[in-house]
Every structure is written in C-alpha cells, then in structure tokens.
Amino acid sequence: MSLPTWLAAGWLQPHKTSRTEIRELWEIVDRDLADAASGGISADWQYGIAYNAALKLCTILLYAEGYKPPKGAMAHSRTLNALPHILGAQRQGDTDYLDGCRQKRNTVEYDHAGGATRKDAAELIAFGHELRAEVLTWLREKHPSLAPE
C-alpha cells in the first residue's frame, strides 16, 4: 500500500507543514537524543526518550510528505510504518525494529518497570542518531526548504 492509499483508507490525513514546525520537531529530536544519552535516569526512561526521538524523526518524514496520522490508538504505529514508504522498502527492517521498540516502550511506560536494559537504550539511541543523519540528508534532497540549517 502507498501513502495515498492510506489517505484514502482514512489511516492518514493531509497535513501542510512549515519550516517552523519541522524545526521545532527537530529540536525535540536533538533534545531527546541528548537527554537519553546523558545518564542519571533509569534505562526505561532512557529508552522511552530515545523512542520519542525516533518517533519524531518519522513524524518529520510524514509531515514533509504532506500527511499526518489521525489522533488515536494507531497514530504511533502509522507514523513508524510510513518509514519504508518514504525512505524506501529497504527500511522495512527498521520499521519492524521501531515497532518492537514501541511495544517495549508501552510496557515500561504503562505496565511495569525494568523492561528495558541499558543495552536496549544504547542501541536505540545509536539507531536514533543514524536515522537522524538519514532524515537530514533526505530533507536536504527532497524538501530543502524544510531542512534545518
């Protein structure tokens, strides 16, 4: 399925973004990657913060393409699952990884403490930095007017 098909199915809504909106999301990404790596908090919180950074990067991709998910239960999932539709099918493994991260983040946020390890958090932080670099390159190529300076 394509993003226009998702739109027709009601899984996405049209969204007109702005340079300011993307810049503000980018600032959240940078804050969250730094905070997650700073230590002094539980592995669960490091993991949750790193997950938020990755989610915001996927949000930037979706917004830049002119879409957003409707608010509700599937918003995170739709945002993450748009990744291979925007960056290419070779990113499906990353989407699968992030979906697993979403599930683990939900567990440590809502069900019980101690579900994320320092290794889990470090892996997700590293992934976030890699994805950040790719999203920045993509923005500069596909939507240069939205790319941060």
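These remarks concern the structure in this document.

With that out of the way, let us pick up the overall build of the protein chain. Along the backbone of the protein chain there are seven helices and two strands. Counting from the amino terminus, helix and strand elements in the protein chain follow one another as α-β-α-α-β-α-α-α-α. Taken over C-alpha atoms, the radius of gyration comes to 15 Å for the protein chain, in line with the 15 Å a tight globule of 149 residues would show. Seen along its three principal axes, the alpha-carbon backbone of the protein chain occupies a region of about 40 × 35 × 25 Å. For the protein chain, buried positions account for 46% of its 149 residues. Nonlocal contacts in the protein chain, meaning residues at least 24 apart in sequence, comprise 72% of its contacts between residues at least 6 apart. For the protein chain, the exposed area adds up to about 7600 Å²; of that, 52% sits on carbon and sulfur atoms.

Turning our eyes to something else, we now look at the side chain of Arg91. Counting through the fold element by element, Arg91 comes out in the loop between helix H5 (83-87) and helix H6 (92-111). For Arg91, a relative accessible area of 9% gives the class buried. Contacts of Arg91, omitting those with residues within four sequence positions, involve Leu83, Pro84, Phe127, Leu131 and Glu134.

This brings us to the side chain of Lys56. In this structure, Lys56 sits in helix H3 (residues 43-64). At 6.3 Å, Asp32 is the nearest oppositely charged side chain to Lys56, a buried residue that forms no salt bridge.

Taking 1.5 Å of rise per residue, the 19 residues of helix H2 (residues 19-37) would be expected to cover 27 Å, and the 27 Å separating its terminal C-alpha atoms lies within 8% of that figure. When we look at burial in H2, the residues that qualify are Ile22, Leu25, Trp26, Val29, Asp32, Leu33 and Ala36. What you see down the axis of H2 is that its buried residues fit within an arc of 125°, all on one side. Where H2 is buried, its residues meet H3 and helix H7 (118-142).

On to the packing of H3 against H6. Running from N to C, H3 and H6 cross one another at 135°; their axes reach a closest spacing of 10 Å. The angle between H3 and H6 places the two elements in the oblique class. The way H3 lies across H6 gives a crossing that is left-handed. Contact residues: Asp44, Trp45, Tyr47, Gly48, Tyr51, Ala54 and Cys58 in H3; Leu98, Gly100, Cys101, Arg102, Lys104, Arg105, Val108 and Glu109 in H6. Residues belonging to the contact of H3 with H6 are distributed by class as follows: eight nonpolar, two polar and five charged.

What follows covers the packing of aromatic side chains. Scanning the model with the defined rule gives two aromatic pairs in all. Positioned over the ring face of Tyr47 is Lys104, at 5.7 Å from the centre of the ring.

Our focus in this paragraph is the environment of Gln46. Note on placement: Gln46 falls in helix H3. Spatially, the C-alpha atom of Gln46 lies 21 Å from that of Thr79, the residues being 33 residues apart in sequence. Sequence-distant contacts of Gln46, that is, excluding residues within four places in its chain, are made with Ala36, Gly39, Ile41, Arg118 and Ala121.

Residues separated by three or four positions in an α-helix point in the same direction, a consequence of the helix having 3.6 residues per turn. Between its first and last C-alpha, H7 extends 35 Å over 25 residues, near the 36 Å set by a 1.5 Å rise per residue. Residues of H7 that are buried: Asp120, Ala121, Leu124, Ile125, Phe127, Gly128, Leu131, Val135, Leu136, Trp138 and Leu139. Lining the buried residues of H7 we find H2, H3, H5 and H6.

Rules used in this analysis
- Residues numbered from 1 in each chain as written.
- Predicted model: local features only at pLDDT ≥ 70, side-chain atom pairs only at ≥ 80, totals over all residues.
- Heavy atoms only, no water.
- Helix = DSSP H or I, 4+ residues; strand = E, 2+ residues; numbered from the N terminus.
- Rg over C-alpha atoms; globule rule 2.2 N^0.38 Å.
- Buried < 20%, exposed > 50% of the residue type's maximum accessible area, 1.4 Å probe, protein only.
- Contact = heavy atoms within 4.5 Å.
- Areas by Shrake-Rupley, 256 points an atom, 1.4 Å probe, with all protein chains shown as cover.
- Lys, Arg positive; Asp, Glu negative; His and termini not counted.
- Salt bridge = Lys/Arg side-chain N within 4 Å of Asp/Glu carboxyl O.
- Expected span 1.5 Å × (residues − 1).
- Arc of directions from axis to C-beta.
- Axes fitted to C-alpha atoms, helices over the stretch in contact; angles between N-to-C directions.
- Parallel < 35°, antiparallel > 145°, perpendicular 65-115°, else oblique.
- Left-handed = near helix turned anticlockwise from the far one by under 90°.
- Nonpolar A, V, L, I, M, F, W, Y, C, P; charged D, E, K, R; others polar.
- Phe/Tyr/Trp six-rings, centres within 6.5 Å; stacked < 30°, edge-to-face > 60°.
- Lys NZ or Arg CZ within 6 Å of the ring centre and 35° of its normal.

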